[in-house]
Amino acid sequence: MNNFVFQNPTKIIFGQGTVSQLGKEAAAYGNKALLVYGGGSIKRTGLYDQVLAQLKEHNIEVFELPGVEPNPRLTTVHKGIDICRANGIGFILAVGGGSVIDAAKGIAAGVPYEGDVWDFYVRKAVAQSALPIGTVLTLSATGSEMNGGSVVTHWEENLKLAHLSIHTYPKFSILDPTLTFTVPADQTAYGSVDMMSHVFEQYFSHTADTPLQERLCESILRTVIENAPIAIAKPDDYAARANLMLCGTYALNGGMISVGVTNDWASHGIEHELSAIYDIPHGAGLSIVFPNWMKYVYRERIERFVQYAVRVWDVDPTGKTDDEIALAGIQATRDFFTRIGAPATLSEVGIGDDRLGEMAAKAVRYEPLGQFKKLTKEDVEQIYRMSL
Ligand code: NZQ
Ligand code: ZN
């Protein structure tokens, strides 16, 4: 196990009816809030009215930034920064999925910064502070509700980049599983793939002697595998939605499940290049890429893939070689993603082979990608080809 520091300052308020605590929590951060939300799902579900009522009850003046795109755009983040500066707003409330929360984090870090907030995403500057953020989560997937990550797209340059900071952890997040009852089947599947992928990025590692971290990862994976099909078949199944919500939050919250473990994150880098150009949902891209990354790298530490197959997928090892066991686990992953309705190939989402080299080059822009196997441009391009 490596040495580590773990710090996660986010307060989680979990359960049915917890939106009733929003006003009280928000009031701790001043009397002016920027309400950030997406394309309208919160208006259709009635959550918007509930949120406004809570803020009004606590005398909080509300400014709005609606229309945050899935794969949120830098231009939208700029808009939010301008509204905050013009009105002296000191608190950002994100109500939505990962895209809304990520945009809110960009705004929060951008307001006190003199330069362009994009500097943080291109690693030109490091955020020194941010406005406080609160969230009401409506989609289980990214873990953004309990981490400091923000992923924003500069659409004109086809760049989708992440910024991580201790300053952009939400102060509080309200997690009411009933708010996810309306998430459609496809987004439920993509969210489930995303949270599993977050676990994979932390689980496929060379770090030795980490049995607790490995079993935490395996537990989350098994819980998603059990609950995603239930939530898809019966969208208002409270237990399934609650379990998925908890899995998403645990899977990526500053590394709690992988303290002292070297993480990988190559597949996320490979996926982000896809959505930067083709604007596909993040979880759909991961569903295509991740099993191919697994096939490409599994021999780097085959024992870990054997363990994954046996412990997560109950592959019977009797009479099989390590290769056969590992590949059975990878195939089970692919079959599960297909079973819940997530895509398996780039062609299914309308992506051809014309820009693979360009994406591969961008994926390794800073350094070789990943840790489990450090991928060169050629490796990344090969994984894209396997995904066609
Ligand atoms: O925009 P609205 O109308 O709200 O609709 C959204 C959107 O169309 C809809 N939706 C959300 N909650 C709903 C709902 N529809 C019905 N009922 C509800 N309760 O779902 C669609 C997708 O929403 P989005 O926020 O884009 O999904 P997700 O939570 O998967 O977020 C994806 C973004 O997060 C980034 C991804 O790259 C992508 O940009 N990520 C953020 C991470 C982080 N901050 O830690 C890590 C991840 O690896 C990921 O990269
Ligand atoms: Zn992800």
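As shown above, the structure is provided for reference.
(A) Summary view of the packing of helix α7 (residues 185-203) against helix α8 (residues 211-233). At a minimum axis separation of 10 Å, α7 and α8 run at an interaxial angle of 170°. The angle between α7 and α8 falls in the class roughly antiparallel. Here A185, T188, A189, S192, M195, M196, V199, F200 and Y203 of α7 lie close against α8, whose contacting residues are E214, C217, E218, I220, L221, V224, I225, A228, A231 and I232. Residues of the contact of α7 with α8, tallied by class, amount to 15 nonpolar, two polar and two charged.

(B) Up close: the packing of helix α4 (residues 74-87) against helix α5 (residues 98-110). Where α4 meets α5, the closest approach of the two axes is 8 Å, and the angle between their N-to-C directions is 50°. Considered as vectors, α4 and α5 are oriented oblique to each other. The chirality of how α4 crosses α5 is right-handed. Across the interface between the two elements, V77, G80, I81, C84 and R85 from α4 touch A103, G106, I107 and G110 from α5. Per-class residue counts for the contact of α4 with α5 are five nonpolar, three polar and one charged.

(C) Main features of unusual backbone geometry. For N59, which is not glycine, the phi dihedral falls at a positive 55°. Relative to the assigned elements, N59 resides in the loop between α3 (47-57) and β3 (61-65). The class of N59 is exposed, set by a relative accessible area of 64%. Look at N158: it is not a glycine, yet its phi comes out positive at around 50°. Topologically, N158 is positioned in the loop between β6 (149-154) and β7 (159-164).

(D) Focus on the site of ligand 1. Residues in close proximity to ligand 1 total 31 residues, the closest being G39, S41, G98, S99 and K160. Contacts to ligand 1 include S99, whose side-chain N or O atom sits 2.6 Å from an oxygen atom. Between an oxygen atom of ligand 1 and a side-chain N or O atom of H268, the distance comes to 2.9 Å. In isolation ligand 1 offers 960 Å² of accessible surface; the protein chains occlude 89% of this area. Elements supplying a minimum of two residues to the shell around ligand 1: α5, β6, α7 and α10 (266-278). Here the residues of the shell around ligand 1 sort into nine nonpolar, 19 polar and three charged. For the shell around ligand 1, the domains that each give at least three residues are domain 1 (11-179) and domain 2 (185-386).

So, how was this worked out
- Sequence order as written defines residue numbering, which begins from 1 separately in each chain.
- Here chains are named by letter from A upward and ligands by number from 1 upward, in the order in which they appear as written.
- Given that this is a predicted model, residues contribute local features only at a pLDDT of at least 70 and side-chain atom pairs are listed and counted only at 80 or more, while totals for whole chains, interfaces and linings are drawn from all residues.
- Hydrogens are left out, water is left out, and the side-chain values use all remaining heavy atoms of the structure.
- For helices, the fitted line uses only the C-alpha atoms of the stretch in contact; every axis is such a line through C-alpha atoms, and the angle between N-to-C directions lies from 0 to 180 degrees.
- The helix and strand labels rest on DSSP assignments: H or I over at least four residues marks a helix, E over at least two residues marks a strand, and numbering proceeds from the N terminus.
- Roughly parallel means an angle under 35 degrees; roughly antiparallel means over 145; roughly perpendicular covers 65 to 115; every other angle is labelled oblique.
- Residue contacts are defined here by distance: any two heavy atoms, one from each residue, within 4.5 Å place the two residues in contact.
- Classification convention: Asp, Glu, Lys, Arg as charged; Ala, Val, Leu, Ile, Met, Phe, Trp, Tyr, Cys, Pro as nonpolar; all other residues, Gly among them, as polar.
- In this scheme the crossing of two helices becomes right-handed for a clockwise turn of the near helix relative to the far one and left-handed for an anticlockwise turn of less than a right angle.
- Any residue under 20% of the maximum accessible area for its type is buried, any over 50% is exposed, and the rest in between are partly exposed; the area is computed with a 1.4 Å probe on protein chains only.
- Here, proximity means that at least one heavy atom of the residue falls within 4 Å of the molecule or strand.
- The term polar contact refers here to a pair of N or O atoms within 3.5 Å; inside protein, the definition further demands a hydrogen-donor-capable atom paired with an acceptor-capable atom, and it admits residues adjacent in sequence only when both atoms are side-chain atoms.
- Accessibility throughout is a Shrake-Rupley quantity obtained with a 1.4 Å probe, and a residue counts as covered only by protein chains that appear here.
- Marked domain ranges trace back to an automatic or database domain assignment.

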